Number of protein chains: 2
Amino acid sequence: MLSQVYWGGFQPLKQRLLPWVQCIAISRSERIQPSATRHVRSWSNIPFITVPLNRTHGKSFAHRSELKHAKRIVVKLGSAVVTRGDECGLALGRLASIVEQVSVLQNQGREMMLVTSGAVAFGKQRLRHEILLSQSVRQALHSGQNQLKEMILVTNLDFHDEQKRRNLNGTLHELLRMNIVPIVNTNDAVVPPAEPNSDLQGVNVISVKDNDSLAARLAVEMKTDLLIVLSDVEGLFDSPPGSDDAKLIDIFYPGDQQSVTFGTKSRVGMGGMEAKVKAALWALQGGTSVVIANGTHPKVSGHVITDIVEGKKVGTFFSEVKPAGPTVEQQGEMARSGGRMLATLEPEQRAEIIHHLADLLTDQRDEILLANKKDLEEAEGRLAAPLLKRLSLSTSKLNSLAIGLRQIAASSQDSVGRVLRRTRIAKNLELEQVTVPIGVLLVIFESRPDCLPQVAALAIASGNGLLLKGGKEAAHSNRILHLLTQEALSIHGVKEAVQLVNTREEVEDLCRLDKMIDLIIPRGSSQLVRDIQKAAKGIPVMGHSEGICHMYVDSEASVDKATRLVRDSKCEYPAACNALETLLIHRDLLRTPLFDQLIDMLRVEQVKIHAGPKFASYLTFSPSEVKSLRTEYGDLELCIEVVDSVQDAIDHIHKYGSSHTDVIVTENEQTAEFFLQHVDSACVFWNASTRFSDGYRFGLGAEVGISTSRIHARGPVGLEGLLTTKWLLRGQDHVVSDFSEHGSLKYLHENLPVPQRNTN
Amino acid sequence: MLSQVYWGGFQPLKQRLLPWVQCIAISRSERIQPSATRHVRSWSNIPFITVPLNRTHGKSFAHRSELKHAKRIVVKLGSAVVTRGDECGLALGRLASIVEQVSVLQNQGREMMLVTSGAVAFGKQRLRHEILLSQSVRQALHSGQNQLKEMILVTNLDFHDEQKRRNLNGTLHELLRMNIVPIVNTNDAVVPPAEPNSDLQGVNVISVKDNDSLAARLAVEMKTDLLIVLSDVEGLFDSPPGSDDAKLIDIFYPGDQQSVTFGTKSRVGMGGMEAKVKAALWALQGGTSVVIANGTHPKVSGHVITDIVEGKKVGTFFSEVKPAGPTVEQQGEMARSGGRMLATLEPEQRAEIIHHLADLLTDQRDEILLANKKDLEEAEGRLAAPLLKRLSLSTSKLNSLAIGLRQIAASSQDSVGRVLRRTRIAKNLELEQVTVPIGVLLVIFESRPDCLPQVAALAIASGNGLLLKGGKEAAHSNRILHLLTQEALSIHGVKEAVQLVNTREEVEDLCRLDKMIDLIIPRGSSQLVRDIQKAAKGIPVMGHSEGICHMYVDSEASVDKATRLVRDSKCEYPAACNALETLLIHRDLLRTPLFDQLIDMLRVEQVKIHAGPKFASYLTFSPSEVKSLRTEYGDLELCIEVVDSVQDAIDHIHKYGSSHTDVIVTENEQTAEFFLQHVDSACVFWNASTRFSDGYRFGLGAEVGISTSRIHARGPVGLEGLLTTKWLLRGQDHVVSDFSEHGSLKYLHENLPVPQRNTN
């Protein structure tokens, strides 16, 4: 085993190297070429990325979203990452997952290097442990296709010796060229004493005073794109972690001269950390981007490196370029305070803003269509025709959008500040429950730019702050529509209440801002809703991912009505979530004229029929049997099943439905009422099409969406779904002790009249 | 390195062993004695458990909660666990975490054995890899205190040879005695062909036809308490995974003759799985408990083994004993259907049930107090005095409980089925929004058994199904109170609507049943609420974990009112969540009689004062400065801070408050209204004590709790917080296509009158 290791005296490229740097070179599997013909198996959920092979080095990345283009990456592992928290040896699981991540990234065609401070952590342990470690690491990287190449252990180098520096550089380049991942093991014990850090500009003057500056030095010398520094600190904080205001700094600009603190949330550590910041800044000036993050947290350590490279908000990102706009956190704060101002306006003022926005949509039509044309041109050939259609705006679309906005303005009059309940608790002590906005909404929408003014109008009408996250493909259109929205808002000085989030921000990152966002509303495909529901951590999501609607045709149904209702429910717009998916037919109707007429209609309408198991058993020649009774076809396909009774229908709906919309067709009022009372869905109808399940058709004024949640709003949601309540209590000097058993006062709890809701 | 490995011909205990079993023995750190004097560092979050050293083997465990008593455990790792999904070698990260878990369990004083089918997975790879693997494993287990002992590689064994079997047995026992974790590496390639599995009863007749039966055989021979079989299947399903009804079977009783399927959710695999079940059943009959679980899922593989030993619901648990009661899943279904029946009763019938329960509480007083006495006796010496007090019931407590129940019955009349909105959509097409129960509630409560009838009454009044999870310490009391609740329910045939969950069920497991539970309500300490909020996956939690209430004393406040209101808010019951925590004083009041009177009162009431930074800067000798302005003292302590204006007070409240209850004290109505409109909290008061923030004091009839959520219920929550709505649409044969642009009908959307809420 050790015969493969060259001890000391090793001279790669015929030269002598690094005195205190131990290099362990590991083979990496054959570089995957960015060719679609090669099938890549990936056990990570990060997609295969074609890394440009010849990125010009010299300028650090301006934004996290660009980190995925990093070609050469140095990962520096602090002692706390390498060792277990209980001081009982190696953190084997953590190390293994780091190695797996490095392996994934390298197999994407990147050039990975690892720097560990292993010698510090294991100083007192035997050398054998390090050999074991290196074997495990090699083992993981060795993915079955390639050979273990060699292990190099080098001794005696002085970083201040120009010749030796060049040697190291040359060796590492040679290793990278050979598809090998070098592991540079630094040893603090023999590091030369610190020198004054006189000039951060020059490569040659940095003192090698700790492992972080060594990593920075190596990274810059090797023209690395990205240096990831993992230790047990979260990153930079704007005030001491644990204090009231401490926030992790997402992006650190050296130019800002921010006051920063390092640390985990539970612990302030300023000691060796200053050096870490200096090293990071130095690397940044050398053209290498830097991310400092926590590599020890059990929940993230399995994907912290790949997350950083994917551009996720992990730790602190050092950037020389300060983007022109505010950060998403600042936008969240602006939306919060802007929303609070909006909420205190008079209802007429909010309506005025929306009317003004409607005017702007028609007045500024040419500019809007011009911006939209740019989006369409850029999307041409990259998006499928239906998507292009959704992306495209037109004069008539803008006109009907303006009409919709004026309807929202009308319905906004009676939303915020409506008194729901009034109670006299005691003499001169009156309680009021009033509607107030929820707070800050995050609306995530795909392609359709017409979503933006509509959603903005809903937020304005309900007095909520709004963060809008649109798709990249509609960037130009969204930008101008947002500008117009802000122009409308500014007539009452609340311009900042609606914020458009930069397209570079990851949806997943946004879904984690639970301190900032009160409700997420995804507007788009059911897949989008599912993804958001999964990603949202501790923030409620309003929406439904499934609409499995049933229609039960009772034994006492009218033939014509049933046919009419089934046709409208299934065929009028089969892609809608409120379209019919499963038809339940009473057993007695089989082989009756009603049944024949229904089947004839479905044949004429070219609806493909799937037979439920009971239905299939009644037929000699049955259509294809369903795989699942819980299918949303979203197309001209229909599942038919037979039931024995209204109770049987209800049981079927409870078992296989999605609690969206379910209908009974019958002439028997008693049966109908039984169905209406017993079916536990958001919408339950009698002799009406499933397609009525819609905010506009329900007369809610403006539709926010349809919710199948049982908490907060349920079914079609109007503006009320964007409201919550607060309790106002007006007293004189009322204290509860006066109401105690032997106190002087008694609770009255008289309900007081409440103004009735406006009628249209 | 290899000099430490004995190749072939090794004869532990002077004998020759197993032909196809490779044993790698690993030292384990010195057994930790169950003595409190020894400090145990643990990097896992599972607590140190004192494992009884002499559990008598012979009977398998009846319930998962007993698995923590397992002394000797065999973990069988399938090929899918050991290798990566991309067929590119070892799953190093997974293996490492398995080793770490085994290490944790062994350091708790258990005797761990590993069985891998490594040879199958690596058959085509070189032997060197296995050596590398074993070194990593050894490395992890080696926790700095002990020496690497030895590695054993044995050859040539026939399991059918009695002598050799005894040798294996003896060797393994000897290894365990020596504090060594044996790793038995099985090799399918040389396994003898299968024999008919003629008799499951006898140890000697099982054929060694696969690795699972080998593991089972080893487990039984070694008198193992628990066999954990990890592979890439979730466990046993009651129908093919992926089908509509497929459910993972939590506990499998061989006596049930259930029809079962094996598989992951995405994949049905029946092939080799029959053997897995047979092996498990065979082990069970031999007295070894078995859990089959997925060891490959990235989210759980880091703690799957420790989770199983802790009794969590992972995979399928094989038990010979079928507990008398239903499973928690069955209870959830009973609560759902019972709740639906409850919801369709008349309001008077629900009230009748509650009245009957109130009667039972007084009629059956002696029995209740007897059960409670049992709890108190068992808790004596184990619970602190305040907890014992909360646990204890008395005649007067039962009487006031009965009074409370009658109040709930009264307020239940107007809850379910109340019409909130009526709209005429078109002629003969009328829409109604009515209140309906949320569905199934899970209420988790600590010690206080009086919680049970109260919560049950709330659920009954609102027509919800209920799962109750009480503390172990109140088991006897809860049992009888639940029996009485069911007795009351049965007068209208809905006995099953309220279910008491077995004390053995883990709260964390319950919080994951998102298909079964619609809302979780924790009733207890704020720590309990925080824990539940963290554990709940996709189920909303109603409750608040913080109550940082503010009172702002304006420059125009009355001296006497301010003093009265501060005293009541802070001193009347400082532990309450609606007690005052931060007093904001207008700058102009400093050094006025009002200020002096306030401070005098606080001194008399012995309230400890903490100074905010601005307040401290005004004082020459200040009290201790606050560490955080965001503190809930819950005691006779108060933070005082100075503000410049009402706006400054509002900003402070928004920044440091918890949106619970905030109060202004002023004589200026305009300032008061500004505060009421602008403060964004659940409760905002003018000249009234913070302590009014309470469902009973608000006149909500029955208090469900206080919510600081901005979604669904907010502030003190009455029965309405347990309700949602559904939309009923009654038509004749209405279809939406009639309402299209050129259709025959137009939407009317007329608001129809709604019955006013009953006044008390």
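Conventions used here
Residues numbered from 1 in each chain as written. Chains lettered and ligands numbered in written order. Predicted model: local features only at pLDDT ≥ 70, side-chain atom pairs only at ≥ 80, totals over all residues. Heavy atoms only, no water. Buried < 20%, exposed > 50% of the residue type's maximum accessible area, 1.4 Å probe, protein only. Helix = DSSP H or I, 4+ residues; strand = E, 2+ residues; numbered from the N terminus. Pairing = 2+ DSSP bridges. Right-handed = clockwise from strand over helix to strand, strands pointing away. Phe/Tyr/Trp six-rings, centres within 6.5 Å; stacked < 30°, edge-to-face > 60°. Domains from an automatic or database assignment. Contact = heavy atoms within 4.5 Å. Buried area = accessible area lost by both parts, 1.4 Å probe. Salt bridge = Lys/Arg side-chain N within 4 Å of Asp/Glu carboxyl O. UniProt positions renumbered as here; feature names shortened; annotations may be inferred. Axes fitted to C-alpha atoms, helices over the stretch in contact; angles between N-to-C directions.

Draft legend 1. Structural context of the pairing of strand β25 (residues 683–688) of chain B. Taken across its six residues, β25 of chain B has six buried, putting it largely inside the fold. Bridging between strand β28 (residues 723–734) of chain A and β25 of chain B involves five bridges; their strand directions are parallel. Within β25 of chain B, the position partnered with Arg730 of chain A by the bridge is Trp686 of chain B. In the sheet, strand β24 (residues 661–665) of chain B pairs with β25 of chain B via four bridges, with the strands oriented parallel. Its bridge partner being in β25 of chain B, Asp662 of chain B is matched across the sheet by Val684 of chain B. Each parallel crossover has a hand, and the one from β24 of chain B via helix α22 (residues 669–678) of chain B to β25 of chain B is right-handed.

Draft legend 2. How the structure looks around the packing of aromatic side chains. Residue and element names in this part refer to chain A. Going through the model one piece at a time under the given rule, you end up with 16 aromatic pairs over all chains. Centroid distance Phe685 to Phe698: 6.2 Å. Interplanar angle 55°. Geometry classified as tilted. Linking Phe685 in strand β25 (residues 683–688) with Phe698 in the loop between β25 and β26 (705–707), this pair joins segments that are 13 residues apart in sequence. A centroid spacing of 4.3 Å and a plane angle of 15° characterise the contact between Phe739 and Tyr747, whose relative ring orientation is stacked. Classification of Phe739 by relative accessible area gives buried; the value is 9%.

Draft legend 3. Fine view of the domain arrangement of chain A. Residue and element names in this part refer to chain A. Partitioning chain A into domains gives domain 1 (64–134 + 149–189 + 206–318), domain 2 (328–535) and domain 3 (550–700). Taken residue by residue, the interface counts six residues in domain 1 and nine residues in domain 2. Summed over both partners, the interface of domain 1 with domain 2 comes to about 610 Å²; 41% of that surface belongs to carbon and sulfur atoms. When residues of domain 1 are sorted by the area they lose upon contact with domain 2, Ser65, Lys312 and Lys313 head the list and together hold 73% of the total. At the boundary of domain 1 and domain 2, one finds four salt bridges. Between Lys313 and Glu329 there is a salt bridge whose closest N-O contact spans 3.8 Å.

Draft legend 4. Inspection of the environment of Cys571 of chain B at higher detail. Structurally, Cys571 of chain B can be placed in helix α18 (residues 559–571). Beyond its immediate chain neighbours, meaning those up to four positions away, Cys571 of chain B contacts Val566, Glu605, Val607 and Leu636 of chain B.

Draft legend 5. Quick look at the pattern of salt bridges. Counted under the stated rule, the structure contains 72 salt bridges over all chains. As a salt-bridge pair, Arg340 of chain A and Asp680 of chain B come within 3.1 Å of each other at their nearest N and O atoms. Linking Arg340 of chain A in helix α9 (residues 328–344) with Asp680 of chain B in the loop between α22 and β25, this pair reaches from one chain into another. For Arg340 of chain A, a relative accessible area of 26% puts it in the partly exposed group. Between Arg448 of chain A and Asp450 of chain A there is a salt bridge whose closest N-O contact spans 3.3 Å. The partly exposed category is assigned to Arg448 of chain A, whose relative accessible area is 36%. Counted as one network, the salt bridges with shared partners bring together Asp307, Glu310, Lys312, Glu508, Asp509 and Arg512 of chain A.

Draft legend 6. Main features of the UniProt feature "domain: Aldehyde dehydrogenase" (unreviewed entry) in chain A. According to UniProt, the feature "domain: Aldehyde dehydrogenase" (unreviewed entry) maps to residues 328–591 of chain A in the numbering used here. Across residues 328–591 of chain A, helical content stands at 48% and strand content at 18%; the span's end C-alpha atoms are separated by 63 Å.

Draft legend 7. Layout of the sheet that holds strand β19 (residues 519–523) of chain B. Residue and element names in this part refer to chain B. Ordered by their spatial adjacency, four strands build an open sheet running β18-β17-β16-β19, and the pairing between neighbours is parallel. Either end of the sheet is taken by a strand with one partner, and the two such strands are β18 (498–500) and β19. Adjacent strand axes in the sheet meet at a mean angle of 20°, parallel and antiparallel pairs treated alike. With three bridges joining them, strand β17 (residues 465–469) and β18 adopt parallel strand pairing. If you follow Leu468 over to β18, its bridge partner there is Leu500. Helix-sheet contacts for helix α14 (residues 451–461) involve β16 (440–445), β17, β18 and β19, and the interaxial angle to β17 is about 165°.

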